[in-house]
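Secondary and tertiary structure notes
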There are 2 protein chains.
Amino acid sequence: MSKSIKKEFNRENLLNQGVNLFMNQGYHGTGLQEILDAVNVPKGSFYNYFGSKEDFGADVIQHYTEPFITQLTAHLNNSGADALGAIRCYFDELIVELEKNEFKGGCLLGNFMGEIGDTSEVCQKSLQSAVKRYRDLLQLGLAQAQQQGTVRLDKSAEEMADLLVNTWQGALLRMKIEKSSAPIKQCCQDLLGDYFRS
Amino acid sequence: MSKSIKKEFNRENLLNQGVNLFMNQGYHGTGLQEILDAVNVPKGSFYNYFGSKEDFGADVIQHYTEPFITQLTAHLNNSGADALGAIRCYFDELIVELEKNEFKGGCLLGNFMGEIGDTSEVCQKSLQSAVKRYRDLLQLGLAQAQQQGTVRLDKSAEEMADLLVNTWQGALLRMKIEKSSAPIKQCCQDLLGDYFRS
DNA sequence: TAAATAAATACGACCGGTCATATTTTTTTA
DNA sequence: TAAAAAAATATGACCGGTCGTATTTATTTA
């Protein structure tokens, strides 16, 4: 009993540190040892929790995504009659967080798509499902906004959600090398503040 | 004389293979040995050509970018009175090429921005300059299209060029995990075929 | 005590980078 | 111009360290 609690505790810690280190140093740039040291788990124990580094990576992807889904869902639920405002508000929060981090890291999903999105089948599957969940939620919000009359009807919510996700990811890459939040702010303004408006 | 020719030959080969391997396996996922084997250059010789792996990476970035600048410039020069058409035509060619590669690799600039864009100062500088060159060229084309009346005037060419670059990069990431050209086609249609039009 | 889980250790392969030495190429000198 | 000296380039063995993983040992749990 106390053991399985510890096991879950270690697993959770490993996933949290995996998110941090993978996001800032990339998949191949981060060694297992580094993650294990950060959470004081012996090297030999790792394979009791995860099948391989690759499997671990796939789990980290899902673990990373969860809070974003939760956060966006909360905004949409509390938005009342302004789903578009909720989406803008959600992204504004992300921007604040990214500025806090001085534009380092960006988004684990984007970084992993670029680095291992086409070489690790396991992680590719995980990325597909994570991005789809996220995209679907944005699509839901945009569809609500369409019903509320704030977003144009002549483009599908799905198409706009995809465009938003993709432009956001590209803007995050620019942010990282320009060390500026201008690209991600521009992304929100261009799409949510202009192109999507009815 | 014949020696310095060989030197340039080796350098060029190393850069070419560097582009290939870095693009498909990432920076940390590619060892120097792998590149050296591919071009039959001994390990010890590498450091006669480049100061370090990091410096090499920065040079690879520039080497990768050159052909894209050339290709886009050519399209713009031959476009006559339809700069927007030239840009679309250019991206269509890129799409064909990406489909040929079965959506593997994507864009080295995007991949590197995500993986090492905020950890390697040398490569960050190189990425900044490469992306700026590319963005500026697109901006020039869009400004021409504005003068020709095919592109809206109420947004600056610079802003649109940035949006195009960013959305394209994000769409490439999606392409990699979806193994489909739909995202990049959608990018062109949404921006060049709709949002930018006057 | 038997089975299951955790931890320690061991493993070979590979990492980026260095170095002394060998070979050219270039420059200087006669 | 020919010989000698100096500088530049080429090379592969080798460095310490780290990689991801397998195997072995110790510890819990049932």
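A brief structural summary. Throughout, a residue's number is its position along its own chain's written sequence, starting from 1. Lettering of chains starts at A and numbering of ligands starts at 1, both following the order in which they are written. Per-residue local features are limited, in this predicted model, to residues with pLDDT of at least 70; the limit for side-chain atom pairs, both in listing and counting, is 80 or more; totals at the level of whole chains, interfaces and linings are taken over all residues. Here the side-chain values reflect all heavy atoms present in the structure, with hydrogen atoms and water set aside.

**Considering the pattern of salt bridges**
Should a side-chain nitrogen of Lys or Arg be within 4 Å of a carboxyl oxygen of Asp or Glu, the pair is scored as a salt bridge. As enumerated under the stated definition, the model contains 34 salt bridges over all chains in all. Put simply, Asp162 of chain B and Arg135 of chain B hold a salt bridge, and the shortest N to O gap is 3.0 Å. Of this pair, Asp162 of chain B sits in helix H8 (residues 157–178) while Arg135 of chain B sits in helix H7 (residues 121–148), placing them 27 residues apart in sequence. Burial here depends on accessible area, computed with a 1.4 Å probe over protein chains only, as a share of the maximum for the residue type. Under 20% is buried, over 50% is exposed, and the range in between is partly exposed. By relative accessible area, Asp162 of chain B is classed as buried at 17%. Judged by its relative accessible area of 10%, Arg135 of chain B falls in the buried class. Members of the salt-bridge network, linked through shared partners, are Lys132, Arg135, Asp136, Glu158 and Asp162 of chain A together with Arg174 and Glu178 of chain B. Strands are runs of DSSP state E lasting at least 2 residues, helices are runs of H or I lasting at least 4, and numbering of each runs from the N terminus.

**Here we look at the relation of the copies chain B and chain A**
For the pair chain B and chain A, the relating rotation is 180 degrees, the translation along its axis is 0.0 Å, and the fit reaches an RMSD of 0.1 Å. In the structure described here, the two chain copies are related by an operation that fits a two-fold rotation axis. By definition in these notes, contact holds between two residues if any of their heavy atoms fall within 4.5 Å. Comparing interface residues between copies, 100% of those in chain B also lie at the interface in chain A; the contact surface is shared. Least squares is the method for superposing the copies, and the C-alpha atoms it fits come from residues with pLDDT of at least 70 in both.

**Section: the packing of helix H5 (residues 83–100) of chain A against helix H7 (residues 121–148) of chain A**
When two helices pack together, you describe them by how their axes are tilted relative to each other and by the distance separating the axes. Residue and element names in this part refer to chain A. In contact at an axis separation of 7 Å, H5 and H7 are set at 140 degrees when each is read in the N-to-C sense. For the element pair H5 / H7, the angle class is oblique. Residue-level contacts link Ala83, Leu84, Ile87, Tyr90, Phe91 and Leu94 of H5 to Tyr134, Leu138, Gly141, Leu142, Gln144, Ala145 and Gln148 of H7. Looking at the contact of H5 with H7, its residues break down into ten nonpolar, three polar and no charged. For helices, the axis comes from a line fit to the C-alpha atoms of the stretch in contact; other axes are also lines fit to C-alpha atoms, and the angle between any two N-to-C directions lies between 0 and 180 degrees. Angle categories: roughly parallel below 35 degrees, roughly antiparallel above 145, roughly perpendicular from 65 to 115, and oblique for all the rest. The nonpolar class holds Ala, Val, Leu, Ile, Met, Phe, Trp, Tyr, Cys and Pro. Asp, Glu, Lys and Arg form the charged class, and all remaining residues, Gly among them, are polar.

**Considerations on empty space enclosed by the protein**
Residues and elements named next belong to chain B. A 1.4 Å probe that fits into a set of points on a 1 Å grid over the protein atoms alone but cannot get out defines a cavity; an open set with protein on both sides within 12 Å along at least five of seven lines defines a pocket, and lining residues are those with an atom within 4 Å of a point. Grid points are joined across faces, edges and corners, and a volume is the space filled by probe spheres set on the points. Applying the stated rule across the entire model yields one cavity of 30 Å³ or more. Counted as a void, the largest cavity has a volume near 40 Å³. Looking at the largest cavity, the residues that line it are Leu109, Met113, Val131, Tyr134, Val165 and Gln169. Counting residues per element, the ones that place at least two in the lining of the largest cavity are helix H6 (108–116), H7 and H8. Looking at the lining of the largest cavity residue by residue, the classes come out as five nonpolar, one polar and no charged.

**Focus: the nonpolar core**
We define the nonpolar core as a collection of buried residues of types Ala, Val, Leu, Ile, Met, Phe, Trp, Tyr and Cys that are connected through side-chain atoms lying within 4.5 Å of one another. Phe91 and Trp168 of chain A together with Leu14, Phe91 and Trp168 of chain B are the most contacted members of the largest nonpolar core, which totals 134 residues. Those residues in contact with Phe91 of chain B that sit more than four places away from it in its chain are Tyr134, Leu138, Leu164, Trp168, Cys188 and Leu192 of chain B.

**Quick word on the interface of chain B and chain A**
Taken together, the 41 residues of chain B in the interface contact 41 residues of chain A. Two parts placed together each lose some accessible area under a 1.4 Å probe, and adding up what both lose gives the buried area. In total, about 3,500 Å² of surface goes out of reach between chain B and chain A, with carbon and sulfur atoms giving 54% of it. By the criterion of area lost to chain A, the three top residues of chain B are Asp118, Arg174 and Ile177 of chain B, representing 19% of everything that side buries. Run the count over chain B and chain A and you get ten salt bridges. A salt bridge links Lys155 of chain B to Asp194 of chain A; its shortest N-O distance comes to 3.1 Å. Identification of polar contacts relies on pairs of N or O atoms within 3.5 Å, with a donor-acceptor requirement for protein atoms, meaning one able to donate a hydrogen and the other able to accept it, and with residues adjacent in sequence counted only if both atoms are side-chain atoms. Applying the counting rule to chain B against chain A returns 23 residue pairs in polar contact (both at pLDDT 80 or more). Elements supplying a minimum of two residues to the side of chain B that touches chain A: helix H1 (2–25), H6, H7, H8 and helix H9 (182–195) of chain B. With 13 residues, the single largest contributor to the side of chain B that touches chain A is H8 of chain B. Per-class residue counts for the side of chain B that touches chain A are eleven nonpolar, 17 polar and 13 charged.

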